[in-house]
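The residues making up each chain are set out below.
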Amino acid sequence: MNISALIAVGVFAAALLSIFGAVYSGASRSHKLGEMNADGLGILRWALLGHITLFILLAITAILS
Amino acid sequence: MVQTDLSAQNLGQKSGIPHYTKRLLMWSFSIGVIPPLALILALSTRSLYLLDYVHVISGGTWTGFDIFMGLVMTRIMRLLDIPQRVEIAKRLTPTTFFIVPSLAATAITAGIYLAQAEGKFDLSSPWIIAAGIVVLVLTGQGFGVFMPNGLRIFIELSKSKPDISKIARLNMQNIRLAGSQAIFQVIIILIMAHLAVY
């Protein structure tokens, strides 16, 4: 197992989650104000899930190396 | 000064996320999982040859994409009207949303494993430090600009009154940044060529 690679994947995943969180909270506010529909939030959740999957695959490579 | 109202209604465009967005995102995801899966295959079979192949093809495709965006797409986009640029952004953003970050992450990760496997991952080497700096710049741009801009485009599209000029501006920013990424990638390939030969 490559511990440094695993930590790097974790750091990047944390950066991704914090950026997503900031954008999502802004979008959620807009949704509550009636400025945007629920489709947008659904797309954001879908996008987050896709990126988390990619990070999981990268974490697997760190375990395999 | 003439005020231009670029709201979707004034441009005669339908507001809300287009019906094809999910389909394009699915396509982008299905292509985007291929590079990390290929990397998993290379590592699980302990094939240095396959690891090298995954690193070169993902890095080369990423660079080629950025050069295309920077040299070709910027020229094309400049010649289009804002509504036409938005139509491209609506399709380009979901299509590239997973593919480009996946190529970038796989190229970088495979590169580190390859350097470690060949005994070249020496953190005191100026070439490795230079490669690391370029990677940090590219990653910072990806996380700090590309991805948030893509998300902002999705958010804007799903508003009842999308700001069309904002969508066009964010998309143009991403395309221009891809051009600047291409310059950094040309530099990192120069470093890689040195590491491979010496």
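Nothing here was measured: the structure is a model prediction, and the numbers come from that model.

**A word on the side chain of B:Ser158**
- Relative to the helices and strands, B:Ser158 is located in the loop between α6 (126-157) and α7 (164-197).
- Those residues in contact with B:Ser158, other than ones at most four positions away along the chain, are A:Met36, A:Asn37, A:Gly40, B:Gly16 and B:Ile17.

**Things to note about helix α4 (residues 82-96) of chain B**
Residues and elements named next belong to chain B.
- In a regular helix each residue adds 1.5 Å, so 15 residues correspond to 21 Å; α4 covers 20 Å between its end C-alpha atoms and thus fits that length.
- Arg85, Val86, Ala89, Lys90, Leu92, Thr93, Pro94 and Thr96 are the residues of α4 that are buried.
- In the core, the buried residues of α4 are packed alongside α1 (21-32), α3 (48-78), α5 (99-117), α6 and α7.

**Remarks on the interface of chain B and chain A**
- Counting residues at the interface gives 34 residues for chain B and 32 residues for chain A.
- Carbon and sulfur atoms supply 81% of the area that chain B and chain A bury against each other, a total of about 2,800 Å² over both sides.
- Together, B:Tyr113, B:Phe143 and B:Ile155 form the three largest contributors to the area buried by chain B at its contact with chain A, with a combined 19%.
- Viewed at the interface, chain A and chain B are joined by zero salt bridges.
- Within the residue set of the side of chain B that touches chain A, elements represented by two or more residues are α1, α2 (34-44), α5 and α6 of chain B.
- A total of seven residues in the side of chain B that touches chain A trace back to one element, the largest contributor, which is α6(B).
- Broken down by class, the residue content of the side of chain B that touches chain A amounts to 21 nonpolar, ten polar and three charged.

What counts and how
- Residues numbered from 1 in each chain as written.
- Chains lettered and ligands numbered in written order.
- Predicted model: local features only at pLDDT ≥ 70, side-chain atom pairs only at ≥ 80, totals over all residues.
- Heavy atoms only, no water.
- Helix = DSSP H or I, 4+ residues; strand = E, 2+ residues; numbered from the N terminus.
- Contact = heavy atoms within 4.5 Å.
- Expected span 1.5 Å × (residues − 1).
- Buried < 20%, exposed > 50% of the residue type's maximum accessible area, 1.4 Å probe, protein only.
- Buried area = accessible area lost by both parts, 1.4 Å probe.
- Salt bridge = Lys/Arg side-chain N within 4 Å of Asp/Glu carboxyl O.
- Nonpolar A, V, L, I, M, F, W, Y, C, P; charged D, E, K, R; others polar.

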